[in-house]
Amino acid sequence: NGTLIYISLGSIGVLTSEQSTKLIDAFRILIDQSTQSSSPTYVLWARGNTLKTFAHPRFRLEGFVPQKSILAHRAMQQERSIYINHCGMSSMHESILAGIPLIAFPLFLDQHQ
C-alpha cells in the first residue's frame, strides 16, 4: 500500500557527491514525512551500492535488480509510485511498456535533448 520510488541511472551512470547527497536527503525527507501516513514511501536504488546512505528499513541500495520484474511488480502499480531513470532507450521502453510514470534524469552526452 506504499509509494515506491525506483531509481536506476544505468550501468555507467555516475553522480557527483553533491548530486547523490541531495537526492538521498530528498528521499530521507519523503520517507520521514510518510512515516505517519497510510501510504509510506519506500526507495529502491539500483546500482546505488557505491553510495553513502543512511540506515532506514525503507531505503535500499542494491548493486543490481531485475528491472523488468521491478517495473512489473504491484508496488510500482501504486498511484504515487515513480521511476527515476537516466533516459537510456531500454529503460524508457520498459517503463512505457509497464505503464510506469518516470522522471527523466539524463546523464550522458547522447541524452542532451
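Residues numbered from 1 in each chain as written. Predicted model: local features only at pLDDT ≥ 70, side-chain atom pairs only at ≥ 80, totals over all residues. Heavy atoms only, no water.

Chemist: Looking at this structure, how should I read the sheet that holds strand β4 (residues 82–85)?
Modeler: Sheets are built from strands paired through backbone hydrogen bonds, the pairs being either parallel or antiparallel. Taking strand neighbours across the sheet as the criterion, the 5 strands line up as β3-β2-β1-β4-β5 in an open arrangement whose pairing is parallel. The two strands at the open ends of the sheet, each matched to only one other strand, are β3 (59–62) and β5 (102–104). On average, each strand axis in the sheet is tilted by 15 degrees relative to the strand beside it, whichever way the strands run. In the sheet, β4 pairs with β5 via 3 bridges, with the strands oriented parallel. Looking at β5, one finds that Asn-85 is bridged to Ala-104. Across the face of the sheet, helix α3 (residues 89–98) comes into contact with β4 and β5 while running at roughly 170 degrees to β4. (Pairing = 2+ DSSP bridges. Helix = DSSP H or I, 4+ residues; strand = E, 2+ residues; numbered from the N terminus. Axes fitted to C-alpha atoms, helices over the stretch in contact; angles between N-to-C directions. Contact = heavy atoms within 4.5 Å.)

Chemist: Whenever I open this one, the nonpolar core confuses me. Can you help?
Modeler: Among soluble globular proteins, nonpolar side chains are generally buried collectively. Counting 15 residues, the largest nonpolar core has Ile-7, Leu-23, Ile-24, Phe-27, Val-43, Trp-45 and Phe-59 as its most contacted members. The set of elements that each furnish at least two residues to this core consists of β1 (3–8), α1 (17–33), β2 (41–46) and β3. Considering every element that reaches this core, the biggest residue donor is α1, with 4 residues. Within the second largest apolar cluster, 10 residues are counted, among which are Tyr-6, Leu-44, Tyr-83 and Ile-100. (Core = buried A, V, L, I, M, F, W, Y, C linked by side-chain atoms within 4.5 Å. Buried < 20%, exposed > 50% of the residue type's maximum accessible area, 1.4 Å probe, protein only.)

Chemist: What am I meant to see in the pattern of salt bridges here?
Modeler: Should the charged atoms of two oppositely charged side chains come close, the side chains can pair. With the rule as written, the count across this model stands at 3 salt bridges. A salt bridge links Lys-22 to Glu-18; its shortest N-O distance comes to 3.3 Å. Placement of the pair is Lys-22 and Glu-18 together in helix α1, with a separation of 4 residues, close to one helical turn. In this structure, Lys-22 and Glu-18 share a single accessibility class: exposed. A salt bridge links Arg-60 to Glu-62; its shortest N-O distance comes to 2.5 Å. (Salt bridge = Lys/Arg side-chain N within 4 Å of Asp/Glu carboxyl O.)

Chemist: How do you make sense of α1 when you look at a structure like this?
Modeler: Think of an α-helix as 3.6 residues a turn; residues three or four steps apart then line up on the same face. Relative to the 24 Å expected for 17 residues at 1.5 Å per residue, α1 spans 24 Å between its end C-alpha atoms, a close match to the ideal helical length. For α1, every residue scored as buried is listed here: Ser-20, Leu-23, Ile-24, Phe-27 and Ile-31. End-on, the buried residues of α1 take up no more than an arc of 95 degrees, which puts them together on one face. Summarising the geometry of α1, the exposed residues directed more than 90 degrees from the buried face are Glu-18, Lys-22 and Gln-33. Structurally, α1 contributes buried residues whose contacts are with β1, β2, β3 and β4. (Expected span 1.5 Å × (residues − 1). Arc of directions from axis to C-beta.)

Chemist: Mind showing me how you'd approach the packing of aromatic side chains here?
Modeler: Each aromatic ring pair is described using two quantities: the centre-to-centre distance and the angle formed by the ring planes. Enumeration according to the criterion identifies 3 aromatic pairs in this entry. Pairing Tyr-6 with Tyr-83 gives two aromatic rings, centres 4.9 Å apart and planes at 10 degrees, and the pair type is stacked. Linking Tyr-6 in strand β1 with Tyr-83 in strand β4, this pair joins segments that are 77 residues apart in sequence. By the burial criterion, Tyr-6 is buried, and Tyr-83 matches it. Geometrically, the ring pair formed by Phe-27 and Trp-45 is edge-to-face, given 6.0 Å between the ring centres and 85 degrees between the ring planes. Here Phe-27 is found in helix α1, whereas its partner Trp-45 is found in strand β2, with 18 residues between them in sequence. For the pair Phe-27 and Trp-45, a shared accessibility class is recorded, and that class is buried. One aromatic cluster is present, built from ring pairs that chain together Phe-27, Trp-45 and Phe-59. (Phe/Tyr/Trp six-rings, centres within 6.5 Å; stacked < 30°, edge-to-face > 60°.)

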